[in-house]
Amino acid sequence: MSKNQSIGVFLSEEKIKSRVNELANQINKDFQNQEVVIVGVLNGSFIFCADLVRALKIPATIEFVSLSSYEGTESSGEVSFRMDVKQSLVGKNVIIVEDIVDTGLTITFLMKHMKLKNPKSLKLCSLLLKRARLKIEVPVDYLGFDIEDKFVIGYGLDFDGKYRELPYIGVYGE
Ligand code: 5GP
């Protein structure tokens, strides 16, 4: 019996793949003849980011950031940097790649911080969004799926550090 047999499929591998390709095609179109800096938010976006960049046809450099949000501070949105980008973003086309936007507090903090680096353009690409959970308006330029309020795992998303390797997205406990 597989260790993940009990986790049902919410978004299948095929469905994710096709949506990721659509997002990449949109980015290819929007940034035709331009270069982009892809900034993946660790750890959750590493698989999404890897698939997305491989579907890009425009020149791209890849960076990762790591953030930590302090326990019990969800409402204040208190977030800090563990790791920032290593290159200057001045005058660059920057696309932040996130796994999921839930309350929106983490990404709002990150977008504000990235704006201060004076990029030419700053876009947000998120695989998932729980619109009903948003505490603050977050404009997602490239969105994979708008999902209901369920705790999802797989395709990079974890529960207690586990399940990131699942090729599909499932709902934890279902
Ligand atoms: P926000 O600041 O938008 O509330 O939090 C976003 C972060 O919360 C995501 O980057 C992710 O780490 C975590 N998160 C929110 N919802 C889920 C979920 O359904 N599953 C998993 N695995 N993580 C989630």
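Residues numbered from 1 in each chain as written. Predicted model: local features only at pLDDT ≥ 70, side-chain atom pairs only at ≥ 80, totals over all residues. Heavy atoms only, no water.

1. Looking at the overall build of the protein
Looking only at helices and strands, the protein has three helices and nine strands in total. What you see in the protein, going N to C, is helices and strands ordered as β-α-β-α-β-β-β-α-β-β-β-β. Relative to a compact globule of 174 residues, whose C-alpha radius of gyration would be 16 Å, the protein shows 16 Å and is just as compact. Principal-axis analysis of the C-alpha atoms gives the protein an extent of 50 × 40 × 25 Å. With 174 residues in all, the protein has 47% of them scored as buried. (Helix = DSSP H or I, 4+ residues; strand = E, 2+ residues; numbered from the N terminus. Rg over C-alpha atoms; globule rule 2.2 N^0.38 Å. Buried < 20%, exposed > 50% of the residue type's maximum accessible area, 1.4 Å probe, protein only.)

2. Comments concerning the side chain of Ser 45
Positionally, Ser 45 belongs in the loop between strand S2 (36-42) and helix H2 (46-54). Given a relative accessible area of 0%, Ser 45 falls into the buried group. Each residue touching Ser 45, except ones within four places of it in the same chain, is listed here: Gly 40, Val 97, Glu 98 and Asp 99. (Contact = heavy atoms within 4.5 Å.)

3. Describing the sheet that holds strand S7 (residues 142-146)
Ordered in space as S4-S3-S2-S5-S6-S7, the six strands form an open sheet in which the pairing is mixed. The sheet is open, and its two borders are formed by strand S4 (79-83) and S7, each paired with just one other strand. Taking each pair of neighbouring strands and ignoring which way they run, the sheet shows an average axis angle of 30°. Pairing between strand S6 (residues 121-129) and S7: four bridges, direction parallel. If you follow Leu 129 over to S7, its bridge partner there is Asp 146. (Pairing = 2+ DSSP bridges. Axes fitted to C-alpha atoms, helices over the stretch in contact; angles between N-to-C directions.)

4. Topic: the pattern of salt bridges
Inspection of every chain in the model, using the stated rule, returns six salt bridges. In this structure, Arg 54 engages Asp 51 in a salt bridge whose closest nitrogen and oxygen atoms are separated by 2.7 Å. Of this pair, Arg 54 and Asp 51 both sit in helix H2, three residues apart, roughly one helical turn. Given the relative accessible area of 28%, Asp 51 is considered partly exposed. The salt bridge involving Asp 146 is made with Arg 131; its shortest N-O contact spans 2.7 Å. One end of the pair, Asp 146, is in strand S7; the other, Arg 131, is in the loop between S6 and S7, and 15 residues separate them in sequence. A relative accessible area of 48% places Arg 131 in the partly exposed class. (Salt bridge = Lys/Arg side-chain N within 4 Å of Asp/Glu carboxyl O.)

5. As for the packing of helix H1 (residues 13-30) against H2
Running from N to C, H1 and H2 point in directions that differ by 55°, and their axes come no closer than 9 Å. Classified by the angle their axes make, H1 and H2 are oblique. As H1 packs across H2, the resulting crossing turns out to be right-handed. Counted together, Val 20, Leu 23, Ala 24 and Ile 27 of H1 and Phe 48, Asp 51 and Leu 52 of H2 form the full contact between these two elements. Its residues assigned to classes, the contact of H1 with H2 comprises six nonpolar, no polar and one charged. (Parallel < 35°, antiparallel > 145°, perpendicular 65-115°, else oblique. Left-handed = near helix turned anticlockwise from the far one by under 90°. Nonpolar A, V, L, I, M, F, W, Y, C, P; charged D, E, K, R; others polar.)

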